[in-house]
Amino acid sequence: MDKEKVGGVCLNHGCIPAKALIHAAGFQENIKHWAEIGIHTDNLEIDFQEIQEWKSEARTKLTHGIEQLLEQHGVEFIQGTAHFQDSNTLRVEEEHDAVNIEFENAIIATGSKPVELEGFEFDHEKVISSRELLELDEVPEELVVIGGGYIGLEAVTKFCKFGSTVKVLEAHERVLPNFDEALVEEIREVSPCYGDEIYTNAEAKELRDGNEKAVVVAEQDGEEIEVEGDYVLVAVGRTPNPVLEELDIENTSVEVDEKGFVEVDETMETSDPGIYAIGDCAGQPLLAHKAYREGKVAAEVIAGEPAAFDNHYIPKVIYTDPEIAVVGMTPEEAKEEFSEIKTGKFPFSSSGRALTTNQDSGFVRVVASTDEKLLGTQIVGPRASDIIAEATLALEMQAYLDDIINTIHAHPTFPEAFQEACEDAKDESIHSA
Ligand code: NAI
């Protein structure tokens, strides 16, 4: 059951519509470079409303796909808001009715919602979350973003390319504070979108009404600054609060930690036997691909299969341009655990595939132990989101550098850069300049 459509935040209001818009914005930006390869575009017309319609169609196709899959597999979907009555009963309030459902097993997957910042409470018109941002019907002239994390920087990727001036206020000394500095430096060097209007050490304090525009007052290095925009996107993190606010979880013996995450064991079972929790409500990182795996584990355990969430590596991808993707240890983290390590790096400027697609910025870096076991991979560059899958597989399989080096990689392809970075860690890279 779900109080909204099937598919959750990722499909309906997050990953899918966001990446569709990033794709469209990428076209708009790329057109500027078409002349470099001899394609000249005159009388070009870009219709943002048509882009939004195309995005919504992609989302609808996926939602219908899920509805069909549920039907094919004999799953009944009830649209309504669920409340626990006790450890074996749920009350579901539908639009005009309410039903009690007895269960042996239940899986809580209530996700997360945006954190509300004091002084910047969502009015869903001027002060918006990523949900409203994805549904705008015109490209704003100026957009203020509070928070330079995942959502903030992906908002930059989309709207800077669509032509907005996007101004980011980040309280930390740099954007994406939880990511390797070298990766962030690279995107800042490649695109002015991630540099010109980024205010770091800047904590948003107060919202002032500036007639047509919203004015955000922030404290930057002890000084007061004012930044104005047509909308203020608040992207300062997400909270698993729906569990506490709506489910009447106190009628069960499910335990929730001090941050509001449901406590689960490696089978995704909560402290109330038969009740499981998966996804954002079950803990960090708040990523859809972690949730998919957890959902499979919970379903397999309920079906009596031996299963556990025993994954050691969860890749993270940020759709900046170029993309950032990481998995496993950074050099700093590896040095803390093993005093000596090996690192290797391969720039996309030396990759045949990157040059043939006119996207040659960024690099792949690998981290390995002195006995050459892969410990981590950081990528900034074209198709980083795809290449990271091979690095994640290599880490889960406890691969050594030679396992990757001696695997034939098709040529010319982007993943060759991962193989070359592994060779570089052994001082054996042939194609590195
Ligand atoms: P975030 O945790 O990634 O970033 C929030 C940022 O806001 C931090 O850098 C923090 O220092 C800053 N901040 C906090 N208070 C502030 C203030 N008063 N003034 C200025 N800056 C302030 O959170 P975000 O971007 O809201 O994303 C939430 C979650 O959604 C992410 O942690 C991620 O798990 C998920 N997500 C994943 C995506 C992906 O996988 N590509 C895309 C979008 C979201």
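Everything numeric here is computed off the predicted structure, so don't read it as measured data.

A few words on unusual backbone geometry. Residues apart from glycine generally show negative phi values, whereas peptide bonds are mostly found in trans. Following Asp321, the chain continues into Pro322 via a peptide bond in cis, with omega recorded as 5°. The residue after His411, namely Pro412, is reached through a cis peptide bond having omega -5°. Its place among the elements puts Pro412 in the loop between helix 12 (401–405) and helix 13 (416–425). In this structure, Leu176 is a non-glycine residue whose phi angle is positive, near 45°.

When you line up the elements, Glu416 lands in helix 13. One buried charged side chain, Glu416, makes no salt bridge at all; its nearest oppositely charged neighbour is Arg353, positioned 7.7 Å away. Polar contacts involving the side chain of Glu416 include one to the side chain of His411, which spans 2.7 Å. With sequence-adjacent residues up to four places away left out, Glu416 is seen in contact with His409, Ala410 and His411.

Bringing the state of the cysteines into the picture now. For the structure on display, the rule yields two disulfides. For Cys10, the disulfide goes to Cys15, at an S-S distance of 2.1 Å. Classification of the bridge connecting Cys10 and Cys15 rests on its S-S torsion, roughly -135°, and on that basis the disulfide is left-handed. What makes Cys10 buried here is its relative accessible area of 18%. There is a disulfide in this structure between Cys160 and Cys193, and the S-S distance comes to 2.0 Å. Between Cys160 and Cys193 the sulfur-sulfur dihedral comes to about -80°; the bridge is accordingly left-handed. Here the residue Cys160 occupies a position in helix 5 (residues 150–162), and Cys193 occupies one in the loop between helix 6 (181–190) and strand 9 (198–199), the gap between them amounting to 33 residues. The connectivity of the disulfide-linked cysteines in the protein chain, indexed sequentially, is 1-2, 3-4. The thiol of Cys281 is unpaired, and the distance to the nearest cysteine sulfur, on Cys10, comes to 15 Å.

We now examine the site of the ligand. Near the ligand, the surroundings consist of 25 residues, among which Ile151, Glu154, Glu170, Gly237 and Val317 are the closest. Within the backbone of Ala204, one N or O atom sits 3.1 Å away from a nitrogen atom of the ligand. Val317 is positioned with one of its backbone polar atoms (N or O) 2.9 Å from a nitrogen atom of the ligand. Relative to its unbound accessible surface of 860 Å², the ligand loses 80% to contact with the protein. At the level of secondary structure, the elements contributing two or more residues to the shell around the ligand comprise helix 5 and strand 10 (202–210). Residue classes in the shell around the ligand are distributed as 15 nonpolar, five polar and five charged.

Regular strands place their side chains on alternate faces of the sheet. For strand 20 (residues 374–381), the buried fraction is high: eight of the eight residues fall into the buried class. Note: strand 17 (residues 323–328) against strand 20, six bridges, orientation antiparallel. Residue pairing across strands places Ile324 opposite Val380, the latter belonging to strand 20. Where strand 19 (residues 363–369) and strand 20 come together, six bridges link them in antiparallel fashion. By the bridge assignment for strand 20, Ala368 is matched with Leu374. Hairpin connection of strand 19 to strand 20: four residues between the antiparallel strands, including Glu372 at a positive phi of 70°.

Another point: the pattern of salt bridges. Applying the stated criterion across every chain yields a total of 23 salt bridges. Linking Lys32 and Glu29 is a salt bridge whose minimum nitrogen-to-oxygen distance equals 2.9 Å. Of this pair, Lys32 and Glu29 both sit in helix 2 (residues 15–34), three residues apart, roughly one helical turn.

For the rest of this paragraph, the subject is the side chain of Thr252. Mapped onto the elements of the fold, Thr252 is located in the loop between helix 7 (242–246) and strand 15 (275–277). Look at Thr252 and you get buried, because its relative accessible area is 11%. Polar side-chain contacts of Thr252 include one of 3.1 Å to the backbone nitrogen of Val254. Ignoring any residue separated from it by four or fewer positions in sequence, one finds Thr252 in contact with Phe84, Asp86, Ser87, Asp272 and Ile275.

Where like charges cluster on the molecular surface, the negative patch consists of Glu45, Asp47, Glu50, Glu53 and Glu57. In this structure, Asp47 sits in the loop between helix 2 and helix 3 (48–72). What makes Asp47 partly exposed here is its relative accessible area of 32%.

A separate point is the packing of helix 2 against helix 3. The interhelical angle for the contact between helix 2 and helix 3, taken along N-to-C directions, is 140°, at an axis separation of 9 Å. Taken together, the axis directions place helix 2 and helix 3 in an arrangement best described as oblique. You can see that helix 2 and helix 3 cross each other, and the crossing is right-handed. On helix 3, the residues touching Ile16, Pro17, Ala20, Leu21, His23 and Ala24 of helix 2 are Ile51, Gln52, Trp54, Lys55, Arg59 and Leu62. In the contact of helix 2 with helix 3, the residues fall into eight nonpolar, two polar and two charged.

Definitions and cut-offs
Residues numbered from 1 in each chain as written. Predicted model: local features only at pLDDT ≥ 70, side-chain atom pairs only at ≥ 80, totals over all residues. Heavy atoms only, no water. Helix = DSSP H or I, 4+ residues; strand = E, 2+ residues; numbered from the N terminus. Buried < 20%, exposed > 50% of the residue type's maximum accessible area, 1.4 Å probe, protein only. Lys, Arg positive; Asp, Glu negative; His and termini not counted. Salt bridge = Lys/Arg side-chain N within 4 Å of Asp/Glu carboxyl O. Polar contact = N/O pair within 3.5 Å; in protein donor to acceptor, adjacent residues only side chain to side chain. Contact = heavy atoms within 4.5 Å. Disulfide = S-S within 2.5 Å. Near = heavy atom within 4 Å. Areas by Shrake-Rupley, 256 points an atom, 1.4 Å probe, with all protein chains shown as cover. Nonpolar A, V, L, I, M, F, W, Y, C, P; charged D, E, K, R; others polar. Pairing = 2+ DSSP bridges. Patch = residues over 30% accessible without salt bridge, like charges linked within 9 Å, V, L, I, M, F, W, Y side chains within 5 Å. Charge placed at Lys NZ, Arg CZ, Asp CG, Glu CD. Axes fitted to C-alpha atoms, helices over the stretch in contact; angles between N-to-C directions. Parallel < 35°, antiparallel > 145°, perpendicular 65-115°, else oblique. Left-handed = near helix turned anticlockwise from the far one by under 90°.

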